[in-house]
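Summary of the model geometry
These are the residues of each chain, in order.
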Amino acid sequence: MTDVLAVPAPIAAETTRRAGGVWRVLASQTSVHSGAAVATTLFPLAGAAGVVSLRLVIGAALLVAVGRPRLRGYTRRQWILVGVFGAVLAGMNLAFYVAIARMPIGPVVTLEVLGPLTLSVVTARSRVAWLWALLALAGVALLGGGGFDQLDPLGVGCAFLAGTAWAGYIMLSARTGANFPKRDGLTLAMLVAALLALPAGVLDAGAALLETKVLALGAAVAVLSSVLPYTFELTALRRLPTSTFAVLMSLGPAIAALAGFVILGQALHPAQIAAIGLVVAASAGVVLWKDRPALTA
């Protein structure tokens, strides 16, 4: 007897495909923010720029060793894409690490996520989207209300800069995944980012970058914050619509706050926790509202 409740094979396959994309994004967020928490323990030894250079250089080396990307046969346009992607990666990482060197991870990521949120609001072209933006601004105000003494001016500026770069990263990651086979585009972009960040790291940390403890922790940060999350996200974007990806990425502040608490003991005030919740809700809401006509058609 035929099971009338059986799910057609194409639908089941698509559901499985999207479920795979969802867990990849969640794994990415958990990994990257855990790596950021570990990185903070390295700041006294190598500085923010030193940790960034270690993360990118070791991460690029691991991606090259595992993926063995093809270096020939690409067009000028593809190389330009890789160069821009690499520059955005370097800038995003440096700005983020300077921010978490001065502020708790949860608030930093809450401010950082405003970059992708702004991108979503602007592209939504809807008055309702601006209501979500106001909700996010209320969250930021509440975040400060929980303790402006923790919101270092340079840290705040770097968090916003990292958020701007993050918005660019989302668009460039999808484009790179579509224009390069396997993980070749990501690997080449990581090489560019490593080359751009290394001089600043050497100036900041010098010979400390070669110490055994620094190298070991740097390798852990590279795997947690670069290799695993970038690989997860690149493959997730091939399985999920960009809007779904953005909604899941909006959970970043909450996951970052949890990582900061568990790994570093960075407790937050109730007002700050509420602020993070408002920004997460606003980030998810603007994306879902933007896709509402398509969902209800």
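Cut-offs applied
Starting from 1, residues in each chain are numbered consecutively following that chain's sequence as written. The predicted nature of this model means local features are confined to residues of pLDDT at least 70 and side-chain atom pairs, given and counted, to a pLDDT of 80 or more, with totals for whole chains, interfaces and linings taken over all residues. Excluded from the side-chain calculations are hydrogens and water; all other atoms, namely the structure's heavy atoms, are used. Any Lys or Arg side-chain nitrogen located within 4 Å of an Asp or Glu carboxyl oxygen qualifies as a salt bridge. Only DSSP runs of H or I reaching four residues or more are called helices, and only runs of E reaching two or more are called strands; each is numbered from the N terminus. Each residue is placed in one exposure class: buried if its accessible area under a 1.4 Å probe, protein chains only, is under 20% of its type's maximum, exposed if it is over 50%, and partly exposed if it falls in between. Buried Ala, Val, Leu, Ile, Met, Phe, Trp, Tyr and Cys residues that are joined via side-chain atoms within 4.5 Å together make up what is termed a nonpolar core. We call two residues contacting when some pair of their heavy atoms lies within 4.5 Å. How far a helix is expected to stretch is found by multiplying one less than its residue total by 1.5 Å. As used in this structure description, the phrase polar contact means that two N or O atoms lie within 3.5 Å; if the pair is within protein, one of them must be able to donate a hydrogen and the other to accept it, and residues adjacent in sequence are counted only when both atoms belong to side chains. Two rings belonging to Phe, Tyr or Trp (six-membered ring only in the last case) form a pair when the distance between their centres is within 6.5 Å. Interplanar angles under 30 degrees mark stacking, angles over 60 mark edge-to-face geometry, and anything in between is tilted. Our definition puts a charge over a ring when NZ of Lys or CZ of Arg is within 6 Å of the ring centre and also within 35 degrees of the ring normal.

**Structural notes on the pattern of salt bridges**
As enumerated under the stated definition, the model contains one salt bridge in all. For arginine 102, the salt bridge is made with aspartate 152, and the minimal N-O distance between the two is 3.5 Å. Here arginine 102 is found in the loop between helix H3 (76-100) and helix H4 (105-112), whereas its partner aspartate 152 is found in the loop between helix H6 (127-145) and helix H7 (153-179), with 50 residues between them in sequence. The partly exposed category is assigned to arginine 102, whose relative accessible area is 43%.

**What about the nonpolar core?**
Most often, soluble globular proteins have nonpolar side chains that are buried together. Grouped together as the largest cluster of nonpolar side chains are 76 residues, with contacts concentrated most on Leu89, Phe96, Tyr97, Tyr169 and Met190. Of all the elements, H3 adds the most residues to this core, at twelve residues. Excluding its chain neighbours within four sequence positions, the residues that come into contact with tyrosine 169 are Phe85, Val88, Leu89, Met92, Tyr230 and Glu233.

**Description of H7**
For H7, which comprises 27 residues, the first-to-last C-alpha distance of 39 Å matches the rise-based estimate of 39 Å (1.5 Å per residue) to within 8%. You can read the cap of H7 off the contacts: a side-chain oxygen lies 3.0 Å from the backbone nitrogen of leucine 154, and it is on aspartate 152.

**Comments concerning the packing of aromatic side chains**
The full count for this structure, using the stated rule, is six aromatic pairs. Measuring from ring centre to ring centre gives 5.7 Å for tyrosine 74 and tryptophan 79, while their planes differ by 85°; the resulting arrangement is edge-to-face. Assessed through its relative accessible area of 36%, tryptophan 79 is described here as partly exposed. Connected via pairs of aromatic rings, a cluster forms that spans Phe43, Phe96 and Tyr97. Positioned above the aromatic ring of tyrosine 74 is the side chain of arginine 70, whose terminal nitrogen or guanidinium carbon lies 4.5 Å from the ring centre.

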